[in-house]
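Examination of the molecular architecture
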Amino acid sequence: MKASEVLNDLKRRFPNEPEYLQAVEEVITTIEEEYNKHPEFERYNLIERLCLPDRIFSFRISWVDDKGKVQNNMGYRIQHNNAIGPYKGGIRFHSSVNQSILKFLAFEQTFKNSLTTLPMGGGKGGSDFNPKGKSDMEVMRFCQAYVAELWRHIGAETDVPAGDIGVGGREVGYMYGYYKKMARENTGTFTGKGLEFGGSLVRPEATGYGNVYFLLNMLATRGIDIKGKKVAISGSGNVATYTAKKLLSLGAKVVTMSDSNGTIYVPDGITEEQLDYIFKLKNIYRGRIKEFAEEYDCEYFDGERPWKVKCDIAMPSATQNELDGDDAKMLLENGVIAVSEGANMPSTPEAVRQFLEAKILYAPGKAANAGGVSVSGLEMAQNSQKFSWSAEEVDAKLQSIMKNIHEQCVKYGTEADGTVNYVKGANVAGFMKVAKAMMAQGII
Ligand code: NDP
Ligand code: 2IT
């Protein structure tokens, strides 16, 4: 089948999976030209095989809350593609989680992991469990109930989960502990583990730091300095906070952060002390970003996203489709020069269209946020060696991987006028490696 026919067929077969179709459509439309240069791909129906996940596990998770009430959630693991290495990708706990969202994330992860240069296939998992307001013991019991079902499908050489929204060090610790109890082995099947039991230095920081490293590579193509630039960040979780930390160390000004309830606005940029407050607020007290506005008496946009403020750079780092066509228009009118995505698919197709048309520096998540899974890959390597690297060593490798991903985007995405279409570059580069690996391994 031709690439465009595959897309139409997937739309017919999965009409209730909008996020999955959105991610697939973006990739298919940008790789079509390259795909058509390889008639052997069509003979092997490669694109359809690459769009459909290898397998999906879905199951009920029953657990008992602190009041003794039985709660039931759905759990999933999508093993999308393992042509270049074991399935690899995070676990998301959020009330919105469904099969469409996890299928889009597993699909994107396959191309992202291909770009990292490390041997990792793509996968994603999660549950519609809502961690907000749950006690530590409830989170632990839930994690154990999820892994009671998941453990037989994962392993250090088959499928290696990690964190994502709602899943950080605490949750990975609980899941890994229970996994070990069930599997009776100690090979590091999760990444993002604590440093005391096989975790890698710089893994918590990696996605945010990696996004800033990617941004620096993009800015360098136009000779722009990060110092003094105003950056709007969305989210206040793992990715957002470490993005902010690296930006502050480089002399940039972080003017916004947010959560699902609203946005704080600090026109002169938040200070290191204020960022420390946000770390504590989010990771220890598990509070809301509104409390920051109360503590520091700054502006707070209740129920609003950050994109209306004046900034030079936007780094969406919360969730999918959090920046739409109207937001893109406002950012462009306010003179934004770069958008680098910490989240997965945060910009809607209309927003992406506007960024590409305006020819600003626009990096899609699968390139810009690949630092997290890259250091996960380095954690796997360290676990296999039963050895660990220093923070400097891991950070140097992270910087070199982000530079390499940027170079791949430039190679495949440079347009006739010399500008770089990072969407096309990332999709074609990511696709070609997986496609060649699949071709070489036959129809399986
Ligand atoms: P966290 O759970 O640590 O933080 C998520 C942040 O995003 C919170 O501030 C949360 O606010 C906000 N958020 C979540 N869902 C929504 C929503 N529906 N609407 C508005 N705000 C929302 O997650 P991470 O920082 O790990 O993940 C953020 C993004 O980065 C995700 O898209 C994830 O897929 C992506 N990513 C993460 C990587 C990682 O290593 N962790 C690697 C690569 C990408 P609230 O507290 O109100 O829910
Ligand atoms: O979206 C992502 O790349 C992640 N959530 C991190 C995945 C991983 O395996 O570290």
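The structure contained in this document is the topic of the report that follows. As the structure is a prediction and not an experimental result, all values here were calculated from the model. (Residues numbered from 1 in each chain as written. Chains lettered and ligands numbered in written order. Predicted model: local features only at pLDDT ≥ 70, side-chain atom pairs only at ≥ 80, totals over all residues. Heavy atoms only, no water.)

1. Section: the packing of helix H16 (residues 391-413) against helix H17 (residues 422-440)
As a packed pair, H16 and H17 sit with axes 7 Å apart at the nearest point and diverge in direction by 100 degrees. By the criterion of interaxial angle, the relationship of H16 to H17 is roughly perpendicular. Along its contact with H16, which presents His406, Gln408, Cys409, Tyr412 and Gly413, the element H17 presents Tyr422, Lys424, Gly425, Ala426, Val428 and Ala429. Partitioning the contact of H16 with H17 into residue classes produces 6 nonpolar, 4 polar and 1 charged. (Axes fitted to C-alpha atoms, helices over the stretch in contact; angles between N-to-C directions. Helix = DSSP H or I, 4+ residues; strand = E, 2+ residues; numbered from the N terminus. Parallel < 35°, antiparallel > 145°, perpendicular 65-115°, else oblique. Contact = heavy atoms within 4.5 Å. Nonpolar A, V, L, I, M, F, W, Y, C, P; charged D, E, K, R; others polar.)

2. Regarding the sheet that holds strand S2 (residues 70-81)
The 5 strands lie next to each other as S1-S2-S4-S3-S5, forming an open sheet whose pairing is mixed. Of all strands in the sheet, those bounded by a partner on one side alone are strand S1 (55-64) and strand S5 (159-162). Each strand of the sheet is rotated relative to its neighbour by a mean of 20 degrees, with strand direction disregarded. (Pairing = 2+ DSSP bridges.)

3. What about the site of ligand 2?
Neighbouring ligand 2 are 14 residues, the closest being Lys88, Lys112, Asp164, Arg203 and Ser376. Within the contact set of ligand 2, a nitrogen atom lies 2.9 Å away from a side-chain nitrogen or oxygen of Asp164. Arg203 is positioned with one of its side-chain polar atoms (N or O) 2.9 Å from an oxygen atom of ligand 2. Here ligand 2 has 300 Å² of accessible area as a free molecule, and 94% of this is covered by the chains. Where the shell around ligand 2 is concerned, the elements lending two or more residues are strand S3 (87-93), helix H5 (99-115) and helix H15 (371-385). Grouping the amino acids of the shell around ligand 2 by side-chain chemistry returns 2 nonpolar, 7 polar and 5 charged. (Near = heavy atom within 4 Å. Polar contact = N/O pair within 3.5 Å; in protein donor to acceptor, adjacent residues only side chain to side chain. Areas by Shrake-Rupley, 256 points an atom, 1.4 Å probe, with all protein chains shown as cover.)

4. Comments concerning the nonpolar core
Counting residues in hydrophobic clusters, the biggest one holds 58 residues, and the most contacted among them are Phe214, Leu215, Leu247, Met257, Ile264 and Ile405. When residues of this core are assigned to their parent elements, the largest contribution, 8 residues, is made by helix H8 (residues 203-221). With sequence-adjacent residues up to four places away left out, Ile405 is seen in contact with Leu115, Thr116, Phe214, Ala367 and Ala370. Judged by nonpolar contacts, the second largest core, of 39 residues, contains Leu10, Val97, Ile101 and Val428. (Core = buried A, V, L, I, M, F, W, Y, C linked by side-chain atoms within 4.5 Å. Buried < 20%, exposed > 50% of the residue type's maximum accessible area, 1.4 Å probe, protein only.)

5. Here we look at the environment of Glu304
Within the secondary structure, Glu304 is located in the loop between strand S9 (299-302) and strand S10 (313-315). Judged by its relative accessible area of 35%, Glu304 is partly exposed. Linking Glu304 and Ser258, residues 46 residues apart in sequence, is a C-alpha distance of 8.6 Å. Setting aside chain neighbours within four positions, we find Glu304 in contact with Asn261, Gly262 and Thr263.

6. A look at helix H13 (residues 349-358)
Taken together, the buried positions of H13 are Ala351, Val352, Gln354 and Phe355. Across the axial projection of H13, the buried residues extend over an arc of 160 degrees, all falling on one side. The exposed set on the far side of H13, more than 90 degrees from its buried face, consists of Pro349 and Glu357. On the buried face of H13, the contacting elements are helix H12 (325-333), strand S11 (338-340), strand S12 (361-363) and H17. Directly after H13, the chain includes Lys359, whose backbone phi takes a positive value near 55 degrees. (Arc of directions from axis to C-beta.)

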